[in-house]
Amino acid sequence: MARRVYTTELGCIACNELSELGAGKEAWLVENPSLICALDTDSLALANRSFVLVLGWSENGDPYNSPVKIRPTLSQIEAERITAVEWLVFDEIRVLAVGTSSGYLMIYSLGADLIHKQMINPGRILKFRVRGTKRDLTQGSSSEEVCVVMPGVIARFDGADLQSMLQRWFQDTHSQFWDEKPKRRDQEDSEKSYGRLPYQLWNVSKYGPCADAAITGTMPPPLMELQVSSQRYYCAVTIGDDAVISAFRLSEDRNRSLVGAILSKVVPATFSTIASFSKMIWRSEQKSPKRSEPKPQPFARASPLTCLKDHPRKGEKLTLSPSGTLAAITDSLGRILLLDTQALVVVRLWKGYRDASCLFTEMLVSKDTAASSSSYYEPVKSDYCLCLAIHAPRKGIVEVWQMRTGPRLLTVQCSKGSKILQPTYRFGSSMGSPYVPLEVFLLNGDSGQLSVLNRSLN
């Protein structure tokens, strides 16, 4: 009997530039804690402390373009380093978000040009979490967002604000295509040209600094407040050393956000106008004084909802389902907790998975209908079931479990130096046909081979 194959090879990322990231040593991809990976549908970003390497591959496995190196300007005095990397994809616009240990958000083009730089809050950026829910008849607008996770702090950028800024950059870039001498903006000009992006900031360190966090979605206001208020509230789940799981109600604080948004747009424009006018009058050749750093934005209100303390257990990683209703949490005792983020209760538990990583995925289940057996049948969303892929590096396997209480569907063997990845959420994606399910990719660092777990179990 032929052996079943549960993965499909896509290509190989092996190239000479990977040697700068430590490639060539066994398990180099997983043993370096400062090495960060971010996957798009056809590109992979690998970052260490000082630079980002962007790789691509074609269907036959050969790179379709040369690798791109992005080297952000980092503060040597503060020993600043890269701590987070994620793709931002808006239709034809694809850029890379880079976070630093000093709390800066930088957005780069695939040509390694700096588009935007902004201080969020003093501290280390742990992760960018890009997610969204599809627009339906009950929503006036789609809820697409980029969350920035820092120790004890969560920041939220609205997807519409990011898209507006990137569209202006995209139009400016194409309008300069016909110019003989296109102007390159430095780091300060990039922020003045497009203004500071409005965002919301919350302090969630009541139970200690968090190792990971996520905004799971909107929630109703407190009972003692007006239920018809136009102000929105978000639910945030955090994990860390002091509290394995804690949850907060985040107030949108619309009044403060509105004032902040007005100031962020008016002040830079006014400053630019005054500076230009003064140059016209005085024709001064002296260098203008360096701009003072913007003050950190004040925190909006974050109210604690619940907390689970179980010393010496520590929360390590958090993975959110597409709808935000489930979260998989790994801890220091080798357990994986499946959390219902609406009821804030643990609904499932796995043991014996030390150093594990989890990703939600969607798999095709066997159907007894005639349509599904036809070769012309195009699967729809209802044909897929939500599953959790668990990578257990000490066991050298990837397991796929059906949610919420379903069985283990398959087990895939993998090498020691492998890592599971998932493409970032694509802004503006629709629910059209054919439906594109969540997929999990397997990157073998020792061989450079990239594979995808098959959607069908048959």
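What you are looking at is a predicted structure, and each value in this text was computed from that prediction instead of being measured. (Residues numbered from 1 in each chain as written. Predicted model: local features only at pLDDT ≥ 70, side-chain atom pairs only at ≥ 80, totals over all residues. Heavy atoms only, no water.)

1. A few points about the overall build of the chain
Here comes step 1: Looking only at helices and strands, the chain features five helices and 29 strands.
Here comes step 2: When each of the 458 residues of the chain is scored for burial, the buried share is 46%.
Here comes step 3: A fraction of 59% describes how many contacts in the chain between residues 6 or more apart in sequence connect residues 24 or more apart. (Helix = DSSP H or I, 4+ residues; strand = E, 2+ residues; numbered from the N terminus. Buried < 20%, exposed > 50% of the residue type's maximum accessible area, 1.4 Å probe, protein only. Contact = heavy atoms within 4.5 Å.)

2. With respect to the sheet that holds strand S18 (residues 315-320)
Here comes step 1: Sheet architecture is open: four strands sit in the order S18-S19-S20-S21, paired in antiparallel fashion. Each edge of the open sheet carries a strand with a single partner, namely S18 and strand S21 (345-350). Between one strand axis and the next, the sheet turns through 25° on average, direction left out of account.
Here comes step 2: By the bridge criterion, five bridges tie strand S19 (residues 326-331) to strand S20 (residues 336-340) in an arrangement that is antiparallel. Residue pairing in the sheet places Thr-330 in a bridge with Ile-336 of S20. (Pairing = 2+ DSSP bridges. Axes fitted to C-alpha atoms, helices over the stretch in contact; angles between N-to-C directions.)

3. Describing the confidence of the model for the chain
Here comes step 1: Residues of the chain with pLDDT of at least 70 account for 77%, and the chain-wide mean is 82.
Here comes step 2: Confidence drops under pLDDT 50 across residues 135-141; counting only partners more than four residues distant or on other chains, this segment forms four contacts.
Here comes step 3: Low confidence marks residues 266-289, where pLDDT is under 50. Its contacts with residues over four positions away, or in another chain, come to four contacts. (pLDDT = per-residue confidence, 0-100.)

4. Section: the environment of Ala-328
Here comes step 1: Inspection of the secondary structure puts Ala-328 in strand S19.
Here comes step 2: Judged by its relative accessible area of 1%, Ala-328 falls in the buried class.
Here comes step 3: With 29 residues separating them along the chain, Ala-328 and Ser-357 place their C-alpha atoms 9.3 Å apart.
Here comes step 4: Leaving out residues up to four positions away in the same chain, Ala-328 has contacts with Lys-317, Leu-318, Thr-319, Leu-337, Cys-358, Phe-360 and Leu-388.

5. Remarks on the packing of aromatic side chains
Here comes step 1: Summed over the entire model, instances satisfying the criterion amount to eight aromatic pairs.
Here comes step 2: Through successive ring pairs, a cluster of aromatic residues spans Phe-90, Tyr-425 and Phe-427.
Here comes step 3: Lys-69 extends its terminal NZ or CZ atom over the ring of Phe-51, reaching a point 5.8 Å from the ring centre.
Here comes step 4: Cation over ring: Lys-395 sits above Tyr-353, and NZ or CZ is 4.2 Å from the ring centre. (Phe/Tyr/Trp six-rings, centres within 6.5 Å; stacked < 30°, edge-to-face > 60°. Lys NZ or Arg CZ within 6 Å of the ring centre and 35° of its normal.)

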